[in-house]
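# Fold and geometry: a report
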Amino acid sequence: MSLTRRQVTAAAAAAIPLALSGMGTAEATQRHRALYIAGDSTAAQKYADAAPETGWGMALPFFLRKQLSVSNHAVNGRSSKSFVDEGRLDVVLQAIRPGDLLLIQFAHNDEKDTDPTRYTEPWSTYQDYLRLYVDGARARGARPVLATAVERRRFDAGGNSVPTHGDYPAAMRALAREERVALLDIQALSLALWQELGVEGTKTYFDWTATEQDNTHFNPPGAIAVARLVARELVRTRVLAAWDVRRLDDGIPESWITWPQATA
């Protein structure tokens, strides 16, 4: 790895502005806060050329009060390793402030063992890279939150929704316990939701079109459903209070999802 845990923690701590380093917890929580997302294509912002594909991070603001904004840094194709190696974690840590949240979801691309630029091993390098996010956020006075990767749409011959992420969710759960980090178990919750919806019902949540049958990425209903799981878990784990969220039991119109034009 190009950066050690100590190096990231020290660098992030050194970067805290003097005025902010003296900010009390109460003062930090009273100001407008931001929830940063570090993750892959399942959470990422999508643009007009990709519609109707929708990342769940696009729908999360519908469930949060206005005083908590979403800064979505998730990018297609990234793993916990490549996100760091490309300097994307550095960008987040330069922007994040005391009282903010850093929500971390990776595994889809960490699993690609034929690609050394992205592959991590669940019980060693995957956890090592995740620690860089955890330590970096804490050094900035922000709160890290781990989220197990949302499940793909896959069923066995008996119609049972089957897990696809191997040991990665278990490795993240173990790290969350070790580091005492809040864990949103989106993998388990999404697996149960796909089972409830069934083989045919899940097609209406994934990016199934006349020309593409995508069992990994979501359309607007799927992104809204996963964002609702994330918001509920943020409350369940007491990362957010009940008054920080809204519409948890309300229908969200698909028309609220928009795809901006990509910028150069």
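What comes next concerns the included structure. (Residues numbered from 1 in each chain as written. Predicted model: local features only at pLDDT ≥ 70, side-chain atom pairs only at ≥ 80, totals over all residues. Heavy atoms only, no water.)

### What about the overall build of the protein?
Helix and strand counts for the protein come out as 10 helices and seven strands. Expressed as a percentage of the 264 residues in the protein, the buried residues total 53%. In the protein, the share of contacts with a sequence separation of at least 24, taken over all contacts with a separation of at least 6, comes to 77%. Total accessible area on the protein is roughly 11,900 Å²; 51% of this is exposed by carbon and sulfur atoms. (Helix = DSSP H or I, 4+ residues; strand = E, 2+ residues; numbered from the N terminus. Buried < 20%, exposed > 50% of the residue type's maximum accessible area, 1.4 Å probe, protein only. Contact = heavy atoms within 4.5 Å. Areas by Shrake-Rupley, 256 points an atom, 1.4 Å probe, with all protein chains shown as cover.)

### Overview of the sheet that holds strand β1 (residues 33–39)
Taken in spatial order, the five strands of this open sheet run β2-β1-β3-β4-β5, and their pairing is parallel. Each end of this open sheet is capped by a strand with a single partner; those strands are β2 (68–72) and β5 (182–184). Each adjacent strand pair in this sheet contributes to an overall mean axis angle of 25°, direction not counted. Where β1 and β2 come together, five bridges link them in parallel fashion. The partner of I37 across the bridge, within β2, is N72. Set on the sheet, helix α7 (residues 122–139) makes contact with β1, β3 (101–105) and β4 (143–147); between it and β4 the angle comes to about 155°. The sheet contacts of helix α8 (residues 168–179) involve β3, β4 and β5, and relative to β4 the element is tilted by about 155°. (Pairing = 2+ DSSP bridges. Axes fitted to C-alpha atoms, helices over the stretch in contact; angles between N-to-C directions.)

### Here we look at the pairing of β3
Taking burial as the measure, the five residues of β3 include five buried ones, the bulk of the element. Burial along β3 is two-sided: L101, L103 and Q105 and L102 and I104, pointing in opposite directions, are all buried. Two elements, β1 and β3, share five bridges in a ladder whose sense is parallel. Its bridge partner lying in β3, A38 is registered against I104. Across four bridges, the pairing between β3 and β4 is parallel. Its bridge partner being in β4, I104 is matched across the sheet by L146. For the handedness criterion, the β-α-β arrangement of β3, α7 and β4 is classed as right-handed. (Right-handed = clockwise from strand over helix to strand, strands pointing away.)

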